[in-house]
Amino acid sequence: MTVAIERNIQPASNAIANNQVSLSTSLGLLKRQLKANGAHSFEDIAEAIYQHKQLQVQAGLYSQDKFTLEGSDGEAQLVCPSTGTLHQCIIWCVNHYTGLNRNEKIIDKVCEAVKKFGTGSGTSAISGGMSSLHKEAERRLASLVGKESALLFPTGYTTNLGVISALPGTNDFLLFDREAHASIIDGIKLSGKKFASFKHNSVEDLENKLKKYRNNYENVIVIVESAYSMSGDLAPLTEIVQLKKKYNFHLYVDEAHTFGFYGHQGAGYCNQLGVTDEVDFIMSTLSKSTASIGGFIACKSKYIPLLEWSANSYLFQACLTPGDAAAILASLDELAANPELIAQLHQKNSYMRQKLTAMGFDLGHSQSPIIPIFIPDPETLHAFNRDLFSEGIFSIAIVYPIVKPSEGRIRFILNASHTYENIDRTLDVLEKLGKQYRLI
């Protein structure tokens, strides 16, 4: 349903009362509806979205405002701002895949680094903000993923934003998977170069696009993720690499959701498939498996000066802190010394998704430790997620604009810190609610 728009926008609360907009409409979709119906002032749009959020909060349907009291773990106390109450919950929406954010050895290394190097970097890498810890992290990361050099950025988002916007030349073309992360799409837009998307994980559609565009441009850069954060799908990298021999393009792989728990010592999915040499640019965030913050791009050394002087998010943004760099290095040490961390994560992934599949939940084509349960009806999605929270199970309703309005879901992101008791408890609740809402 759409919201009626006057010269002065009709408040969202009145629109809901008049059955003009569903209470389960996401704030992003409401914004789109408002603009489509003639709203232009950010003041009016902000007022309507604010009122709609308050109504969702009052109804217990807004999950995005809850936060942990003392940081994330397999279980944690969550603060519900609307009531001021605390809830002990099993946490399923955080990407600490290897569970190293609570590792005592890593915490000790970070504390030592802060005492020695201080708390902040103070300026960008190009202006002297890096320390020996940062440079060692770059060396370790490049070596691990099998590339000559690596460049460390303050976040994973700004890695993609900076590299993708800076890399292509005047007559270059960008091709990307339709499900690519917002940071990739923003980088493509910021580049100012021509681009096209191809159907998600479709090697056939990618080849059709290469046939159409390859000969019209000096270089074509194909950009994919090794695992997609909203669906848990793994990319057909082996097949994509085979296309390189025929169409001679550059391949950029975002390993944010595979680095640290695929491949030898967590080197990533490219490493696991044996295609590293054919991938020109390997990127990952460092906020997930290495329990810190930051991102990196790994590639041939000849590309590094170009990126240092062209990627604005590297050139003009302050470095991540020395403590963050210490956490990255200590995490790499732990992953190398404890391969069972990775093995146990994949065992738990197999266990949980087998149980959910047997129950009859729709998990799409997911394979990685990101397990989505698809619930396309928005009202069911929000109510289901609200009831999960009341049972001590916490995740976030994934809605527009993160996914299409008809492709809502709840993700269950497995971390090494999740116990089998956590998993079984969650499965019991999911089965009960799945039957209640006729999802299974």
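Okay, so let's go over this structure. Every residue gets a number counted from 1 within its own chain, in the order that chain's sequence is written. The predicted nature of this model means local features are confined to residues of pLDDT at least 70 and side-chain atom pairs, given and counted, to a pLDDT of 80 or more, with totals for whole chains, interfaces and linings taken over all residues. Heavy atoms from the whole structure form the basis of all side-chain values; hydrogens and water molecules are not counted.

A few words on the side chain of lysine 288. Secondary-structure assignment places lysine 288 in the loop between strand 9 (281-285) and strand 10 (295-299). Partly exposed describes any residue whose relative accessible area lies between the buried limit of under 20% and the exposed limit of over 50%, with all areas from a 1.4 Å probe on protein chains only and scaled to the type maximum. We score Asp and Glu as negative and Lys and Arg as positive, and we do not count His or the chain ends. Here a salt bridge means any side-chain nitrogen of Lys or Arg lying within 4 Å of a carboxyl oxygen belonging to Asp or Glu. The charged side chain of lysine 288 is buried without a salt bridge, its nearest counter-charge being aspartate 254 at 7.8 Å. The contact criterion used throughout is that any non-hydrogen atoms of two residues lie within 4.5 Å. Once you skip the residues sitting within four places of it in the chain, lysine 288 turns out to touch Asn95, His96, Tyr97, Ala256 and His257. Numbering of helices and strands runs from the N terminus; a helix is a DSSP stretch of H or I covering at least four residues, while a strand is a stretch of E covering at least two.

On the secondary structure map, threonine 321 appears in the loop between helix 12 (312-315) and helix 13 (322-337). Residue classification places threonine 321 among the partly exposed positions, given a relative accessible area of 24%. In this structure, the C-alpha to C-alpha distance between threonine 321 and threonine 119, residues 202 residues apart in sequence, is 6.3 Å. When sequence neighbours within four positions are dropped, the list of residues in contact with threonine 321 reads Thr119, Gly120, Ser121 and His134.

Another aspect to go through is the layout of surface pockets. In this structure, the largest pocket encloses a volume near 1300 Å³. As defined here, a cavity is a set of points on a 1 Å grid over the protein atoms alone where a 1.4 Å probe fits but cannot get out. A pocket is an open set with protein on both sides within 12 Å along at least five of seven lines, and residues line them when an atom is within 4 Å of a point. What lines the largest pocket is a set of 50 residues, among which Glu179, His181, Ser229, Met230 and Ile402 lie closest to the centre. When residues in the lining of the largest pocket are grouped by element, the largest group, five residues, is from helix 7 (residues 182-191). Residue type decides the class: Asp, Glu, Lys and Arg count as charged, Ala, Val, Leu, Ile, Met, Phe, Trp, Tyr, Cys and Pro as nonpolar, and the leftover types, Gly among them, as polar. The residue makeup of the lining of the largest pocket, split by class, is 22 nonpolar, 16 polar and twelve charged. Grid points are joined across faces, edges and corners, and a volume is the space filled by probe spheres set on the points.

Right, let's talk about empty space enclosed by the protein for a bit. A complete count under the given rule lists one cavity of 30 Å³ or more for this structure. What the largest cavity holds in volume is close to 50 Å³. If you go around the largest cavity, the residues you meet are Ala125, Met130, His134, Leu152, Phe153, Pro154, Tyr314, Gln317, Cys319 and Leu320.

Before going further, it helps to examine the nonpolar core. In terms of nonpolar packing, the biggest core is built from 105 residues, with Val222, Leu356 and Phe412 touching the most fellow members. With six residues, helix 5 (residues 132-145) is the single largest residue contributor to this core. Working definition of a nonpolar core: buried Ala, Val, Leu, Ile, Met, Phe, Trp, Tyr and Cys residues. They are joined through side-chain atoms within 4.5 Å.

Here we come to the packing of helix 15 (residues 378-390) against helix 16 (residues 420-436). For helices, the axis comes from a line fit to the C-alpha atoms of the stretch in contact; other axes are also lines fit to C-alpha atoms, and the angle between any two N-to-C directions lies between 0 and 180 degrees. Where helix 15 meets helix 16, the axes come as close as 11 Å, and the angle between the chain directions of the two elements is 145°. Crossing of helix 15 against helix 16: the hand is right-handed. Two secondary-structure elements touch here, helix 15 through Phe384, Asp387 and Leu388 and helix 16 through Val429, Leu430, Leu433, Gly434 and Gln436. Taken together, the residues of the contact of helix 15 with helix 16 sort by class into five nonpolar, two polar and one charged. In this scheme, a crossing is called left-handed if the near helix is turned counterclockwise away from the far one by less than a right angle; it is called right-handed if the turn is clockwise.

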